[in-house]
Structures are given as structure tokens and as C-alpha cells.
Amino acid sequence: MGALGHGSRIELIVNISEFFKRVGLICDYQEFDWLGLERGMSLTSFPPHLVGQLLDLCEQDPTYHLVSGTAPGRLVNKYVPNALSYQLATGDKNPNLVLNAFVDPKRALVDEEMICSALAIMNPVDTGDQ
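Residues numbered from 1 in each chain as written. Predicted model: local features only at pLDDT ≥ 70, side-chain atom pairs only at ≥ 80, totals over all residues. Heavy atoms only, no water.

Novice: Looking at this model, I keep getting lost on the overall build of the protein chain. Mind explaining?
Specialist: Tallying secondary structure elements over the protein chain gives four helices and five strands in all. Across the 130 residues in the protein chain, those meeting the buried criterion constitute 29%. Contacts spanning at least 24 positions in sequence make up 51% of the contacts within the protein chain whose residues lie at least 6 apart. For the protein chain, the computed accessible surface area is about 8500 Å², with 57% contributed by carbon and sulfur atoms. (Helix = DSSP H or I, 4+ residues; strand = E, 2+ residues; numbered from the N terminus. Buried < 20%, exposed > 50% of the residue type's maximum accessible area, 1.4 Å probe, protein only. Contact = heavy atoms within 4.5 Å. Areas by Shrake-Rupley, 256 points an atom, 1.4 Å probe, with all protein chains shown as cover.)

Here's what the structure looks like:
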């Protein structure tokens, strides 16, 4: 599910997999090794102190662009200074694309379904035998 914007307006995407596919986020840590990039603790995102190497790569090879993690659950499809984290992407470079999975109207239903499933597994099964 996405919302379309005009001009410089945000195009909000609430579906994580839709955003990842559209912007072409690189999730294969071996590609980072092949590119010679130093990583932080995460396999697919980079901490702010390593953003310089990412900007250099994007300048040398325009097929890559940066996606910035500006808040928990929120990714912006452009370089934002002082973001929490950064990721490399090779897809749609539209800087107005924003992922915020926390505003998905179906999120409550998914959470409820997961909780109900977990409770069903944790509760002892009543077989009717006493």
C-alpha cells in the first residue's frame, strides 16, 4: 500500500517488502565485501560514522544511492545528514519515497493475529479428559 505525492510531496509506503523492492535495497552482505566497504554491527545497514565511504561509492558509481534511517521503522530514500543509519540501494532514486511501517492501517490486525497465535501455542491444550 502506498500514497502518491506530487512534486516534492512525500510518497508514503507502509509495506516493508514493497519499499525494499522498489528502492532496491541491498541486503546481501557479500556485495558489501565485494565493494570493499567496512560495515558496523549490522550486516545490511551502516552506522553514521561510516557514511563517508558510502557517499564516495555513490559519487563514483551512480547506480548506487543512499537510504537513510531517520527513526525506528522510518526509511527515507535519500541521504539525510545525521541519520541513525544508512543503507545502499540500486533501484528507484525518487527522494520523496518514505517507508513508515508503523502507520500501516493493517498493522494492528497483524499484531493481533501474531499474539493470538502465540497464545494458542503457549496455552495448554484442553483435550476434555479430566
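Novice: Explain the sheet that holds strand S5 (residues 97–100) to me, please; I cannot follow it from the model alone.
Specialist: Strand pairing within a sheet occurs via backbone hydrogen bonds; the two strands may be parallel or antiparallel. Ordered by their spatial adjacency, five strands build an open sheet running S1-S5-S3-S2-S4, and the pairing between neighbours is mixed. Taken across any chain shown, the strands that pair with only one partner, and hence form the sheet edges, are strand S1 (11–13) and strand S4 (85–89). On average, adjacent strands in this sheet sit at an angle of 25° to one another, irrespective of strand direction. Relative to S5, strand S3 (residues 74–76) is paired through three bridges, and the arrangement is antiparallel. In the sheet register, Leu-75 faces S5, and the bridge partner there is Leu-99. (Pairing = 2+ DSSP bridges. Axes fitted to C-alpha atoms, helices over the stretch in contact; angles between N-to-C directions.)

Novice: I tried to follow the pattern of salt bridges on my own but got confused; where do I start?
Specialist: When the charged atoms of two side chains with opposite charge come close together, those side chains can pair. All told, the structure shown has two salt bridges when counted by the stated rule. Arg-22 serves as the salt-bridge partner of Glu-11, at 2.4 Å between the closest nitrogen and oxygen. Residue Glu-11 is found in strand S1, and its partner Arg-22 is found in helix H1 (residues 16–23); the two are separated by eleven residues along the sequence. Arg-22 gets classed as partly exposed once you look at its relative accessible area, which sits at 29%. A salt bridge links Asp-92 to Arg-22; the shortest N-O distance between them is 3.1 Å. Here Asp-92 is found in the loop between S4 and S5, whereas its partner Arg-22 is found in helix H1, with 70 residues between them in sequence. (Salt bridge = Lys/Arg side-chain N within 4 Å of Asp/Glu carboxyl O.)

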